[in-house]
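# Structural description and commentary
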Amino acid sequence: MKKFSSDAALVVVMVALVLSVEVSGQVTCRAVELSPCLSPITNGSPPSGTCCTKLREQRPCLCQYLRDPNLRPYVSSPNAEKLRRACGVPSPNC
């Protein structure tokens, strides 16, 4: 009986680890996550490390932001392109 309990516990832990990897690999598209990048986008100032990190995290969302008429002017601006280059994030192909 003890062998079965330890095997079952091991399976539960392995499933939990697999599920946590899948969940942590998903990105929640929230433009507010890019708030550290507001100054570089609006006035062309150099980005902070936090801004670049957030931009990399939100990269899968850039096409969605480009389709939003309220966000498009910011995401497609020359300063946004300058920001992407400074952070090493390629322009989205939508």
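Model, not experiment: these values are computed from the prediction.

Turning our eyes to something else, we now look at the packing of helix α3 (residues 49-57) against helix α6 (residues 78-87). Contact pair α3 / α6: the axes reach a minimum separation of 10 Å and the direction vectors enclose 95°. As summarised for this structure, α3 and α6 are arranged roughly perpendicular, according to the angle between their axes. Counted together, C51, C52, L55 and R56 of α3 and L83, R84 and C87 of α6 form the full contact between these two elements. The residue inventory of the contact of α3 with α6, partitioned by class, reads five nonpolar, no polar and two charged.

For the structure shown, the criterion picks out four disulfides. Each sulfur in the disulfide pair C37 and C51 lies 2.1 Å from the other. Sign of the S-S torsion, about 115° for the bond between C37 and C51, identifies this disulfide as right-handed. In this pair, C37 is assigned in the loop between α1 (2-24) and α2 (38-43) and C51 in helix α3, connecting sequence segments 14 residues apart. In this pair, the class of C37 matches that of C51, namely buried.

Let's shift gears to the side chain of Q58. Relative to the helices and strands, Q58 is located in the loop between α3 and α4 (62-67). Assessed through its relative accessible area of 3%, Q58 is described here as buried. Filtering out sequence-adjacent residues up to four positions away, Q58 remains in contact with V27, T28, C29, R30, E33, L34 and Y65.

Another point: α3. Buried within α3 are the following residues: C51, C52 and L55. End-on, the buried residues of α3 take up no more than an arc of 95°, which puts them together on one face. If you follow the buried residues of α3, they end up packed against α2, α4 and α6.

Take Y74: it is sitting in helix α5 (residues 72-75). For Y74, a relative accessible area of 44% puts it in the partly exposed group. Remark: the alpha-carbon pair of Y74 and I41, spanning 33 residues in sequence, is separated by 6.6 Å.

Core analysis: the biggest nonpolar cluster contains 13 residues, and C37, L55, L62, Y65, L83 and C87 have the highest contact counts within it. Listing elements by their share of this core, those giving two or more residues are α3, α4 and α6. Here this core gets three residues from one element, more than from any other, and that element is α3. With near-sequence residues (within four places) excluded, L62 lies in contact with L55, V75, R84, V89 and P92.

Thresholds, definitions, all that
- Residues numbered from 1 in each chain as written.
- Predicted model: local features only at pLDDT ≥ 70, side-chain atom pairs only at ≥ 80, totals over all residues.
- Heavy atoms only, no water.
- Axes fitted to C-alpha atoms, helices over the stretch in contact; angles between N-to-C directions.
- Helix = DSSP H or I, 4+ residues; strand = E, 2+ residues; numbered from the N terminus.
- Parallel < 35°, antiparallel > 145°, perpendicular 65-115°, else oblique.
- Contact = heavy atoms within 4.5 Å.
- Nonpolar A, V, L, I, M, F, W, Y, C, P; charged D, E, K, R; others polar.
- Disulfide = S-S within 2.5 Å.
- Buried < 20%, exposed > 50% of the residue type's maximum accessible area, 1.4 Å probe, protein only.
- Arc of directions from axis to C-beta.
- Core = buried A, V, L, I, M, F, W, Y, C linked by side-chain atoms within 4.5 Å.

The values reported here are purely geometric and, on their own, carry no functional implication.
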